[in-house]
Amino acid sequence: MSSVALGSVFVDVGCLRKQNEVGRLKVSRRNGSVLRVRASVASSQQSLKLAKPEAQKSEKTVRIGVLGASGYTGAEIIRLLANHPQFGITLMTADRKAGQSIGSVFPHLVTQDLPDMIAVKDADFSDVDAVFCCLPHGTTQEIIKCLPRGLKIVDLSADFRLRDIDEYEEWYGLPHKAPELQKEAIYGLTEVLRDEIRNARLIANPGCYPTSIQLPLIPLIKAHLIELTNIIIDAKSGVSGAGRGAKEANLYTEISEGIHSYGITKHRHVPEIEQGLSDASHSKVTVSFTPHLMPMSRGMQSTIYVQMAPGVTIEDLYQQLKTTYEIDNLVKGASGQAVQNLNLMMGFPENMGLQYQSLFP
Ligand SMILES: NC(=O)C1=CN([C@@H]2O[C@H](COP(=O)(O)OP(=O)(O)OC[C@H]3O[C@@H](n4cnc5c(N)ncnc54)[C@H](OP(=O)(O)O)[C@@H]3O)[C@@H](O)[C@H]2O)C=CC1
Ligand SMILES: CC(=O)N[C@@H](CCC(=O)OP(=O)(O)O)C(=O)O
């Protein structure tokens, strides 16, 4: 039996991308037994130059609320929507930063003509068609439960990702406060559940690690090209993955010039990854997953070690991933995937507003 390593590289709230990879998941071969899958959302000042928010505003047909606009994923959605022809932001909320303008919190967004951020309790949803919910898990369930039923919701938190409520309570250490909504939620791994996402009201946007791991593995599992045992994932994240809130472990002095693993054997993304892989294989799949924090602002790399099924070659794996992904012009990341999902839910082309020129270096 042969083993192979899959390198899954993408960025959680945006990423660097080479010119010839625009809008694509790209598969390439390196060093004989290593396949690399790249999926990206470009981040750049360049994209701000492309945006003409005021000119586009009146033409935009979908009114968007961003809950948690003062956080990293909220800010990234605001940046992406500046260039979206149909999604116009009419409401933005914050907690500690309620009452402030987005430009005062994120200077790179100062050119946008947007409402000031308000507390969720003061929000009026009569002028909103869809929300991106960029709030901490736990808080999210209670807030989403109180939103008008007519809203489409893409939730970036982990609150509705696990189908099994008991599993949620076990891994998140919190009782689930909206189990009835959990039944309705669709997991937003776009490439895998596109049809379900189109008809959904509530999307549970996947975690960053689970996205980088499931995208390369699911097509290989579905095609029976790899064994379902001994899947080992060595993943690395930039610090923006931990959100903008102050935490001692994320101080510059703690994370610069070093790397450390965390959540070994008990990271909360394990059940999410196993749920997705088990669905793909119709049997219980377990993984060994170790995340690491890297001294970089944004970005993610997951190196995945798998055993190939008898008779399978690395070329088979390469062809499978190539066929699966080269036809999809997509961008990836927490906020990019959220916009991708709402595009589908609203009946727009999946990549609308997501085709940015990339930035290098
Ligand atoms: N960062 C990432 O790469 C990814 C994050 N996620 C998930 O997306 C969600 C948002 O993450 P991220 O943007 O990083 O988080 P941040 O910590 O950067 O931002 C959190 C946002 O929620 C607001 N907020 C915090 N507590 C409350 C509350 N009790 N009531 C109302 N609003 C509140 C904050 O307001 P204020 O700042 O004003 O206090 C802020 O706007 C989280 O669930 C996270 O797990 C998912 C994928 C990737
Ligand atoms: C670096 C870092 O701390 N990362 C976060 C994952 C962030 C993410 O994308 O996951 P959620 O959407 O589930 O929060 C963590 O390990 O918990």
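These numbers were taken from a predicted model, which means no experiment stands behind them.

Calculation rules
Residues numbered from 1 in each chain as written. Chains lettered and ligands numbered in written order. Predicted model: local features only at pLDDT ≥ 70, side-chain atom pairs only at ≥ 80, totals over all residues. Heavy atoms only, no water. Pairing = 2+ DSSP bridges. Helix = DSSP H or I, 4+ residues; strand = E, 2+ residues; numbered from the N terminus. Contact = heavy atoms within 4.5 Å. Axes fitted to C-alpha atoms, helices over the stretch in contact; angles between N-to-C directions. Near = heavy atom within 4 Å. Polar contact = N/O pair within 3.5 Å; in protein donor to acceptor, adjacent residues only side chain to side chain. Areas by Shrake-Rupley, 256 points an atom, 1.4 Å probe, with all protein chains shown as cover. Domains from an automatic or database assignment.

1. Things to note about the sheet that holds strand β4 (residues 62-67)
Reading across the sheet, the 6 strands line up as β5-β4-β6-β7-β9-β8 and stay open at both edges, with parallel pairing between neighbours. At either end of the open sheet lies a strand with only one pairing partner, and these are β5 (87-93) and β8 (186-187). Where β4 lies against strand β6 (residues 130-133), 4 bridges are found, and the strand directions are parallel. From the neighbouring strand, Leu67 faces β6, where its bridge partner is Cys133. Its contacts with the sheet place helix α13 (residues 334-345) against β4, β5, β6, β7 (152-155) and β9 (202-204), and it is angled at close to 160 degrees to β7.

2. Topic: the site of ligand 1
Around ligand 1 sit 26 residues, and of these Ser70, Thr73, Arg96, Leu135 and Arg244 come closest. At 2.7 Å from an oxygen atom of ligand 1 is found a main-chain nitrogen or oxygen belonging to Leu135. At 2.9 Å from a nitrogen atom of ligand 1 is found a main-chain nitrogen or oxygen belonging to Ser240. Alone, ligand 1 offers 900 Å² of accessible surface; in the complex the protein occludes 85% of this. In this structure, the shell around ligand 1 is formed jointly by two domains, domain 1 (3-41 + 208-326) and domain 2 (45-206 + 333-345), each of which donates at least three residues.

Note that all results are geometric; they support no functional claim without further evidence.
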